[in-house]
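# Residue-level structure breakdown
Below are the chains, spelled out letter by letter.
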Amino acid sequence: MNPLVMKFKEDWSLAYFLYYTFQISVGLLVGTVLISLIFNTILFFKGQQLIMLDEIPVLIQTEYFSEVRDIKTESFHVMIPETVKANMHLSGNPKTNIWSVLYYRLISLIRHLSVIIALFFGMKLFKNIAEGESFNRQNPKYLFIIGWTLFLTSCLFILLSYLPTPLIGSVPLENGMRIKSIYFSDNNFMLGGIISIVFGYVIKEANRIHEEQKLTV
Amino acid sequence: MAIIVNLDVVLAKRKMSLTELSERVGVTMSNLSILKTGKAKAIRFSTLEAICEALDCQPGDLLEFSED
């Protein structure tokens, strides 16, 4: 049966709820990525001069603003950190900036793909659990796929934050501000990945014990 | 190294069927089949005791150790 075809059952246990939630999320995310790809390709070939290239998360260093970073009032004290996160909306002519566009699009695609893979296998995992097959041999495999996908994506994003940033690296900012790096790295990805891998090993061991118990006469 | 289960040999010697043994011992047919075909990973002392009692044999008659 195609796992993307929704079939609601009357059992609204938590596992079924998560299964449906993941199923809807996969559908929406795949749809969003496809629409974005098609839309941008059409604009590119139509020769649009100014299109939205991407939304890029960056770290901005505000090193010369130390005097305005500490804001004191009578009752409280606010401190703005030296490095702030921001999303940059990058627009421009795609034909003159083709390599930069492809670079950011590729990073964005990798990010979306890793989430889609994690949601898709999470969906299959919750389906098995909902149907009472917690000790299915496939479950540890799904957890390992989810875990390694998120972990490796997170490692890639950490690596990317040390690489030069095309286009936005040369943006003239106010004096004292500079774009430090792109910031795709997400600690949740790494944490989620590690937890999934550990759970994969736990479920694998549980499967072995369950199998042994089943074959004990 | 393997433990070989000679349940079929002992059953043949006693001229008893697996169904009859299942009824006497109170172990399901599927579990006895697992034991007979050598797929079992472990056997409980209580099951071994019941089988030995029903077949009037020793555990050594049912189980055999092989080097290969």
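Keep in mind that what you see is a predicted model, and the values were worked out from it rather than measured. (Residues numbered from 1 in each chain as written. Chains lettered and ligands numbered in written order. Predicted model: local features only at pLDDT ≥ 70, side-chain atom pairs only at ≥ 80, totals over all residues. Heavy atoms only, no water.)

This next bit is on the overall build of chain B. In terms of regular secondary structure, chain B is built from five helices and two strands. The secondary structure elements of chain B, listed N-terminal to C-terminal, are β-α-α-α-α-α-β. Taken against the 2.2 N^0.38 rule, which gives 11 Å for 68 residues, the C-alpha radius of gyration of chain B at 11 Å falls within 12% of a compact globule. Dimensions of chain B, computed from C-alpha atoms along their principal axes, come out at roughly 35 × 20 × 20 Å. (Helix = DSSP H or I, 4+ residues; strand = E, 2+ residues; numbered from the N terminus. Rg over C-alpha atoms; globule rule 2.2 N^0.38 Å.)

Counted under the stated rule, the structure contains one cavity of 30 Å³ or more. The space that makes up the largest cavity amounts to roughly 40 Å³. (1 Å grid on protein atoms, 1.4 Å probe; cavity = no way out; pocket = protein on both sides within 12 Å on 5 of 7 lines; lining within 4 Å. Points joined across faces, edges and corners; volume = space filled by probe spheres on them.)

Residue and element names in this part refer to chain B. You will see that Lys15, though not glycine, has its phi angle at about 55°, which is positive. One non-glycine residue, Asp56, adopts positive backbone phi at about 50°. Checked against the element boundaries, Asp56 lands in the loop between α4 (45-55) and α5 (59-62).

Glancing now at the packing of aromatic side chains. Residues and elements named next belong to chain A. In this structure the tally under the stated criterion is nine aromatic pairs over all chains. Ring geometry for Phe22 against Phe126: centres 5.2 Å apart, planes inclined by 75°, an arrangement best described as edge-to-face. Taken together, the residues Phe22 in helix α1 (residues 14-45) and Phe126 in helix α3 (residues 98-130) connect sequence positions 104 residues apart. On the numbers, 5.7 Å between centres and 40° between planes, the contact of Phe121 with Tyr142 is tilted. Residue Phe121 is found in helix α3, and its partner Tyr142 is found in helix α4 (residues 138-160); the two are separated by 21 residues along the sequence. Taken individually, Phe121 and Tyr142 each receive the classification buried, so the pair is uniform in this respect. Joined through ring pairs, the aromatic side chains of Tyr16, Tyr19 and Tyr20 make up one cluster. (Phe/Tyr/Trp six-rings, centres within 6.5 Å; stacked < 30°, edge-to-face > 60°. Buried < 20%, exposed > 50% of the residue type's maximum accessible area, 1.4 Å probe, protein only.)

Okay, the packing of helix α2 (residues 18-25) of chain B against helix α3 (residues 29-36) of chain B next. All names here are of chain B. At a closest axis distance of 9 Å, the pairing of α2 and α3 adopts a crossing angle of 115°. Crossing angle aside, the handedness with which α2 passes α3 is right-handed. Between α2 and α3, the residues in contact are Leu18, Thr19, Leu21 and Ser22 and Met29, Leu32, Ser33 and Lys36, respectively. When its residues are assigned to classes, the contact of α2 with α3 shows four nonpolar, three polar and one charged. (Axes fitted to C-alpha atoms, helices over the stretch in contact; angles between N-to-C directions. Left-handed = near helix turned anticlockwise from the far one by under 90°. Contact = heavy atoms within 4.5 Å. Nonpolar A, V, L, I, M, F, W, Y, C, P; charged D, E, K, R; others polar.)

When the parts of a complex come together, some accessible area is lost, and that lost area is often taken as the interface size. Facing 11 residues of chain B, the contacting portion of chain A comprises five residues. Between the two partners, chain B and chain A, sit four residue pairs in polar contact (both at pLDDT 80 or more). Sort the elements by how many residues they give to the side of chain B that touches chain A and α3(B) lands first, with three residues. For the side of chain B that touches chain A, the per-class residue count stands at six nonpolar, two polar and three charged. (Polar contact = N/O pair within 3.5 Å; in protein donor to acceptor, adjacent residues only side chain to side chain.)

Within the secondary structure layout, Val217(A) lies in the segment after α5 (187-214). Owing to a relative accessible area of 3%, Val217(A) belongs among the buried residues under this scheme. Once residues within four sequence positions are removed from consideration, Val217(A) is found in contact with Val27(B), Asn31(B), Ile34(B), Leu35(B), Ala40(B), Ala42(B), Ile43(B), Arg44(B) and Thr47(B).

Moving on to the side chain of Ser22(B). Its location among the elements puts Ser22(B) in helix α2. Those residues in contact with Ser22(B), other than ones at most four positions away along the chain, are Val27(B), Thr28(B), Met29(B) and Leu32(B).

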